[in-house]
Amino acid sequence: MQAVKSRLRLPIAPVLLAVSVVVLLAASGWLQHRAVDDYQVAMQAHFNRDVAAAAKRLSSNVQEDATVLAGFGAFVAANSGGADPAAFARYYQALGLATKNPEIAMVNLVRPVAGSGDQLAIVASGSGQAGNLPLLTAVTQAALQARDVGVPTATPPLGTRQSFTLVLPLYKGAVVPVTEAERRQQLSGLVTADIRIDALLATLHDRSGIVYTVYDRADSATVPLYQQNNLPNARGKFNRTMA
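Cut-offs and rules
Residues numbered from 1 in each chain as written. Predicted model: local features only at pLDDT ≥ 70, side-chain atom pairs only at ≥ 80, totals over all residues. Heavy atoms only, no water. Helix = DSSP H or I, 4+ residues; strand = E, 2+ residues; numbered from the N terminus. Buried < 20%, exposed > 50% of the residue type's maximum accessible area, 1.4 Å probe, protein only. Polar contact = N/O pair within 3.5 Å; in protein donor to acceptor, adjacent residues only side chain to side chain. Core = buried A, V, L, I, M, F, W, Y, C linked by side-chain atoms within 4.5 Å. Contact = heavy atoms within 4.5 Å.

S.K.: Would you mind showing me how to read the environment of Arg111 here?
M.R.: Here Arg111 is to be found in strand E1 (residues 104-112). Its relative accessible area of 22% is what places Arg111 among the partly exposed residues. As for Arg111 and Val123, which are separated by 12 residues in sequence, their C-alpha atoms are 6.6 Å apart. A distance of 2.7 Å separates a polar atom in the side chain of Arg111 from the backbone oxygen of Ser188.

Below, the structure is given as structure tokens:
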């Protein structure tokens with residue numbers, strides 16, 4: 001009987017060994033899965049951080065362009081309303097925007113045409129061209145909106161969707177009137193800046209390996225305003241939409 005008991009105990013060691021191997025394999029698999037999960041979380045956080053940084057750079061560029069327009073507004077207010085087109089052009093050239101703000105293609109001074117209601121015309125330009133030059137319809141609409149609300153306003157993408165125009169309203173006394181009626185009455189002019197979309201969005205480029213595609217949310221078209229094409233075959237694991 002003792003021999004039988006001994007024989008019954010002998011298989012326990014291999015069984016324990018097999019169980020141990022199974023447990024180790026399970027633990028290894030769990031650790032590997034956990035490591036993959038931790039890596040994915042870290043990569044997602046890194047991705048979100050890079051996208052947020054790119055958005056901040058883009059916002060900073062737009063704010064800087066608005067500051068440039070404000071500078072033109074101050075120049076106009078300090079120089080007899082910017083009545084001298086040559087002085088306006090010299091100020092434009094002195095800023096060196098081609099180097100500092102390459103996205104700004106041109107800056108113009110726009111004035112209401114006397115006795116014409118809402119008609120506007122370019123009276124001075126950074127290019128040195130003077131005269132009552134007509135505005136595009138979309139720019140006129142944005143200018144009238146800027147006049148009424150008293151804040152910088154942008155047009156939708158223009159032409160072949162390669163640029164848009166940013167408009168800053170100017171008022172007599174360099175103070176934004178309180179009511180819309182007063183803003184219409186006291187408008188002295190507007191400064192417009194033609195912004196190159198590709199140059200503005202070039203700030204999105206970095207070394208993170210992220211590929212950006214930008215759409216105009218106000219446009220029903222599915223064609224992007226900008227698409228980074230240096231990695232045309234890249235397939236991203238993470239995606240994020242920013243409004």
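Picking up where we left off.
S.K.: Whenever I open this one, the nonpolar core confuses me. Can you help?
M.R.: Within the largest apolar cluster, 32 residues are counted, with the highest numbers of intra-cluster contacts made by Phe72, Phe88 and Val107. Every element with two or more residues in this core is listed here: helix H2 (12-78), helix H3 (85-95), E1, strand E5 (163-171), strand E6 (187-196) and helix H7 (197-201). Broken down by element, the residue count for this core peaks at eight residues, all from H2. Among residues more than four places away in sequence, those in contact with Phe72 are Phe88, Tyr91, Tyr92, Leu95, Leu97, Val107 and Val191. Among the nonpolar cores identified, the runner-up in size contains 14 residues, and Val110, Ala146, Leu158 and Leu190 belong to it.

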